[in-house]
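As a plain string of letters, each chain reads:
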Amino acid sequence: MGKRRSRSQSQLLSSLTKKQKKHLRDFGEEHPFYDRVSRKEAKPQICQLSESSDTSNSESESDSEPEQVSGYHRLLATLKNASEEDDEEEEEEEEKDEEESIVDDTEMNEDGSGDVSVEEEAGAEAVEIQDTVALSSDREGKDGEEPPGTSNRSPEEFTDAKHESLFSLETNFLEEQSVDNCSLKALQDPFLQHVNKELKEKEIQAVSTNPKNTHQLKWPILGQLVFSSKFQKLETFKPPKDIDLNSLHLQKPLASTWTKTNSQFLSGPPKSSSFFTPLQKELFLIMNSYQDLFYPERTALKNGEEIRHVYCLHVINHVLKANAQVLGNNSRRRSQKLGVGNDDDFRDQGLTRPKVLIVVPFREAALRVIQLFISLLEGDSKKKIIVSNKKRFQGEYGSDPDERPPNLKRPEDYEAVFVGNIDDHFRIGVAILQRSIRLYAPFYSSDILIASPLGLRTIIGGEGEKKRDFDFLSSIELLIIDQADIYLMQNWEHVLHLMNHVNLLPLDSHGVDFSRVRMWSLNNWSKYYRQTLLFGALQDAQINSVFNKYCINLQGQVAVRNVPMTGSISHVLVQLPHVFQRMEAENLASVIDARFNFFINKILPQYRDAVMSHTLIYVPSYFDFVRLRNYFKKEELNFTHICEYTQKSGVSRARHFFLQGEKQFMLLTERFHFYKRYTIKGIRNLIFYELPTYPHFYSEICDMLRATSRGEEATWTCTVLYSKYDAQRLAAVVGVERAAQMLQSKKSVHLFITGEK
């Protein structure tokens, strides 16, 4: 744009006074020279100065030559003397900050008319109007239209040429009337304390060698907590009895909207100390301290939605504070003209824009998370926020209740987990700016990413793949993994693959302004500032491994470590002898082979007799299932098998043959039981090749024996294989006290449970 300006115009610009430059900048932004300008001589009378600007007479008094005044008017006349057609073209090529100011005036209309107060249809029309105002530099013409949840990855997921001016943080400024910046300057704000904390090189080098400092505390609701940190300072605290919303440093408007959003979990009139449930209060205190958290008691039936509400509050609070800090610094830089020079005071960003990643298993969970975001930003306000692509989102992530078979009867926990749209391949970007939310935002223009492990795996790719990208994970400041136990039933390798690619240095700059990037992000120390919140329904060795290996937050880690006093074996409703067979293994790596050899040499020979027919073998691991299936085929044993990949017709045949006694053995995988919950009839002998992942699966499988009770109760048997490395699963089944006795004793344990019908 500046290449074609004439030499005389450049001389005029350099000769302008400060007042004239300020007026020129306010009137035509910082760069008022465009390619398409009128070459006709413009008269000063054509130019109409704004009312807020200084008069030409006052400016002429400070100049010695009258030619400068006429040149100044001639420059401004070029902005007003173009034809109407040229004006329409120039609107598309104006600076991005001018376009955003026009859009913000429309969105933040104080009269309540227009886009803010209308419903979904009008909001969609407002987005279309904004699209026409946006830059027309989209050469492909389809940027932002490809849904991030599709399996075919396209470049639109990583570019935002069409909506960059509307949702770009760099070209927007803080509105004093809508955003209060005082809270960001408060030294007590945990957000600022966390992001402004500076680590030293020697502290980073000592992390790998420092022993982990641990301390245990017991909280009223969460129970036994283990605080740990590899940094020298370990911070522990206890929850106060009463908390005030003002002390939590919630960004506007969350302090007012949270009460209504969370009202379904509160009983009685709201009080100053009852904005949270007791569980939410303790969880949010840990979240707000920016410590890593592992909570293994999240269940879909009891507290799942309660926990989702509180971590969504933490996410929105974090994003609003981070964006307000960027917009506030934009305004300061604009007013102080600090384009170059000392910019260390304005380091407020990461290497890429996405700062929050929420991993959920199904589309229904993503739907509820975004609905909570909208509720937290709207609240009781009459001015509805603009949500772009809302209809499309509800169509792709919603569900039709009529699609579910009416006669399908499953346990309550199954109904709670598999509710709504249970598609597990999706990803979506969310951009939040002032009073507007953009769904399906390209990843590099998003503040929040919501995805499933499979959806992220298809983007991240693997070694050797040409089309792969994981730079959008480089500056994740808040990672939430919800319902982690379900990923054990999907593919846990996807979770490990994700954790290995979070907070890596990006391969491309992606247009970042390095003068605004925090130093700890440039030093590749982002993983030490990332807060990880891990929620699941059980204590599992694989989940514990992820928390211990990948969570190295400088603020420390908090893990809930409550031991189960009563196991799921107490919920068995049939009278059944339980024989727990202990096997020995040298180390954890040899457990798989030791279990297989123990089974084929000690357990299986006892069931080869025809008297021991109708034997169900429950196998949690699919790899163990394949190994046993191949062995049974090699030995030509009379068996059938059902796994998660078996077709419906094959499942029906296998169940029929096993019920009629035509097949002596049946191999059943845990994943099939998790996804289907079929009742297998005809079981007389039950073998747990390994303790189940979910403790309540033990009682469910045992209770299947009474499905076809024909007087064989006296001959029922149940055998369980375990080793010392199954301590957590064993404690969940038999209780912690009995599990400790069984692990100390090297003999097999016989238990007889008298069921209550």
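Reading the values: rules and limits
Residues numbered from 1 in each chain as written. Predicted model: local features only at pLDDT ≥ 70, side-chain atom pairs only at ≥ 80, totals over all residues. Heavy atoms only, no water. Helix = DSSP H or I, 4+ residues; strand = E, 2+ residues; numbered from the N terminus. Buried < 20%, exposed > 50% of the residue type's maximum accessible area, 1.4 Å probe, protein only. Contact = heavy atoms within 4.5 Å. Areas by Shrake-Rupley, 256 points an atom, 1.4 Å probe, with all protein chains shown as cover. Salt bridge = Lys/Arg side-chain N within 4 Å of Asp/Glu carboxyl O. Pairing = 2+ DSSP bridges. Axes fitted to C-alpha atoms, helices over the stretch in contact; angles between N-to-C directions. Parallel < 35°, antiparallel > 145°, perpendicular 65-115°, else oblique. Left-handed = near helix turned anticlockwise from the far one by under 90°. Nonpolar A, V, L, I, M, F, W, Y, C, P; charged D, E, K, R; others polar. Polar contact = N/O pair within 3.5 Å; in protein donor to acceptor, adjacent residues only side chain to side chain. 1 Å grid on protein atoms, 1.4 Å probe; cavity = no way out; pocket = protein on both sides within 12 Å on 5 of 7 lines; lining within 4 Å. Points joined across faces, edges and corners; volume = space filled by probe spheres on them. Core = buried A, V, L, I, M, F, W, Y, C linked by side-chain atoms within 4.5 Å. Disulfide = S-S within 2.5 Å. pLDDT = per-residue confidence, 0-100. Phe/Tyr/Trp six-rings, centres within 6.5 Å; stacked < 30°, edge-to-face > 60°. Lys NZ or Arg CZ within 6 Å of the ring centre and 35° of its normal.

Per an unreviewed UniProt entry, the protein goes by the name U3 small nucleolar RNA-associated protein 25 homolog isoform X1 and belongs to Castor canadensis.

All right, on to the overall build of the protein then. Along its length, the protein carries 29 helices and 18 strands. A burial count over the protein gives 52% of its 757 residues as buried. Within the protein, residue pairs in contact and separated by at least 24 positions form 78% of the contacts whose partners lie at least 6 positions apart. Looking at the protein as shown, the accessible area adds up to about 36,200 Å², and 48% of this sits on carbon and sulfur atoms.

Our next topic: the pattern of salt bridges. As enumerated under the stated definition, the model contains 22 salt bridges in all. One salt bridge connects Arg-729 with Asp-540, and the closest N-O pair in it is separated by 3.5 Å. A residue pair is termed long-range when its members are at least 10 positions apart, and Arg-729 in helix 28 (residues 727-734) and Asp-540 in the loop between strand 10 (531-535) and helix 22 (541-550) qualify at 189 residues. For Arg-729, a relative accessible area of 16% gives the class buried. The buried category is assigned to Asp-540, whose relative accessible area is 3%. Residues participating in the shared-partner salt-bridge network are Asp-540, Arg-595, Glu-690, Asp-726 and Arg-729.

Before going further, it helps to examine the pairing of strand 3 (residues 292-295). Along a regular strand, successive side chains alternate from one face of the sheet to the other. Burial along strand 3 is two-sided: the residues Asp-292 and Phe-294 and Leu-293 and Tyr-295 are all buried. Here strand 3 pairs with strand 11 (residues 557-560) via three bridges, running parallel. By the bridge assignment, Leu-293 is partnered in strand 11 with Val-558. Sheet topology places strand 3 next to strand 10; three bridges connect them, and they run parallel. Each residue of the ladder has a partner; that of Leu-293, found in strand 10, is Leu-533.

The subject of this paragraph is the packing of helix 12 (residues 254-261) against helix 14 (residues 304-336). Where helix 12 contacts helix 14, the two axes come as close as 12 Å, and the packing angle between them is 165°. The angle between the axes of helix 12 and helix 14 places the two elements in the roughly antiparallel class. Considering only the axes of helix 12 and helix 14, their crossing is right-handed. On helix 14, the residues that touch Leu-254, Trp-258 and Thr-261 of helix 12 are His-309, Val-310, Leu-313, Ile-316, Asn-317 and Leu-320. Considered class by class, the residues forming the contact of helix 12 with helix 14 number six nonpolar, three polar and no charged.

Mapped onto the secondary structure, Asn-421 falls in the loop between helix 17 (412-417) and strand 6 (427-433). Its relative accessible area of 16% is what places Asn-421 among the buried residues. Engagement of the side chain of Asn-421 in a polar contact is seen with the backbone oxygen of Glu-396, the distance being 3.3 Å. In this structure Asn-421 touches Phe-362, Arg-363, Glu-364, Glu-396, Tyr-397, Gly-398 and Ser-399, once residues within four positions along its chain are discounted.

Counted according to the given criterion, the structure contains three cavities of 30 Å³ or more. Roughly 80 Å³ of volume is contained in the second largest cavity. Surrounding the second largest cavity, His-614, Leu-659, Gly-682, Ile-683, Arg-684, Leu-705, Thr-708, Arg-710, Glu-712 and Trp-716 form its lining. Split by residue class, the lining of the second largest cavity holds four nonpolar, three polar and three charged.

Most of strand 10 sits inside the fold, with five of its five residues counted as buried. Residues Gln-531, Leu-533 and Phe-535 of strand 10 are buried on one face, and the alternating residues Thr-532 and Leu-534, pointing to the opposite face, are buried as well. By the bridge criterion, four bridges tie strand 9 (residues 478-481) to strand 10 in an arrangement that is parallel. Along strand 10, the bridge assignment pairs Leu-479 with Thr-532.

To continue, consider the nonpolar core. Residues Leu-357, Leu-473, Phe-580, Phe-688 and Tyr-698 are the most contacted members of the largest nonpolar core, which totals 77 residues. The element best represented in this core is helix 19 (residues 484-490), accounting for five residues. Setting aside residues no more than four positions away along its own chain, Phe-688 makes contact with Tyr-618, Tyr-698, Ile-701, Cys-702, Cys-718, Thr-719, Val-720 and Leu-721. Leu-222, Met-287, Ile-432 and Val-558 belong to the second-largest nonpolar core, a separate cluster that totals 62 residues.

As a further point, take the sheet that holds strand 8 (residues 448-451). With mixed pairing, eleven strands are arranged side by side in an open sheet as 1-2-11-3-10-9-4-8-6-7-5. The sheet is open, and its two edges are formed by strand 1 (213-219) and strand 5 (386-388), each paired on a single side. Strand-to-strand twist across the sheet, computed as the mean angle between neighbouring axes with direction ignored, equals 15°.

What follows deals with the side chain of Asp-726. Following the sequence through the fold, Asp-726 ends up in the loop between strand 17 (717-722) and helix 28. Residue Asp-726 is classed as buried on the basis of its relative accessible area of 7%. Reaching out from Asp-726, the side chain makes a polar contact with the side chain of Arg-595 at a distance of 3.4 Å. Not counting the four nearest positions on each side in its chain, Asp-726 is found in contact with Arg-595, Glu-690 and Leu-691.

Before going further, it helps to examine the environment of Gly-429. Structurally, the position occupied by Gly-429 is in strand 6. Owing to a relative accessible area of 0%, Gly-429 belongs among the buried residues under this scheme. In this structure, the C-alpha to C-alpha distance between Gly-429 and Ile-448, residues 19 residues apart in sequence, is 6.0 Å.

As a further point, take the state of the cysteines. Under the defined criterion, the tally for this structure stands at zero disulfides. In this structure Cys-702 is not part of a disulfide, and its nearest cysteine sulfur, from Cys-718, lies 4.3 Å away. Among the residues examined, Cys-702 registers a relative accessible area of 0% and is labelled buried.

Mean pLDDT over the protein stands at 79; residues scoring 70 or higher make up 72%. A low-confidence stretch, residues 176-185 stays under pLDDT 50, and its non-local contacts, those more than four residues away or across chains, total 16 contacts.

Looking now at the environment of Glu-690. Its place among the elements puts Glu-690 in the loop between strand 16 (685-688) and helix 27 (695-703). Relative accessible area serves as the criterion here: at 12%, Glu-690 is assigned to the buried category. For the pair Glu-690 and Tyr-618, spaced 72 residues apart in sequence, the C-alpha separation works out to 7.5 Å. Excluding anything up to four places from it in sequence, Glu-690 contacts Arg-595, Tyr-618, Pro-620, Asp-624, Leu-721, Asp-726 and Arg-729. Polar contacts involving the side chain of Glu-690 include one to the side chain of Arg-729, which spans 3.3 Å.

The next thing to look at is the packing of aromatic side chains. All chains considered together, the criterion is met by 33 aromatic pairs. Measuring from centroid to centroid gives 4.7 Å for Tyr-414 and Phe-418, while their planes differ by 35°, and the two rings are tilted. Grouped by ring-pair contacts, the aromatic residues Phe-362, Tyr-414, Phe-418, Phe-674, Tyr-675, Tyr-694 and Phe-697 constitute a single cluster. Seen from the ring of Tyr-397, Arg-363 lies directly overhead, with NZ or CZ sitting 4.5 Å from the centre. Lying across the ring of Phe-596, Arg-627 places its NZ or CZ 4.2 Å from the centre.

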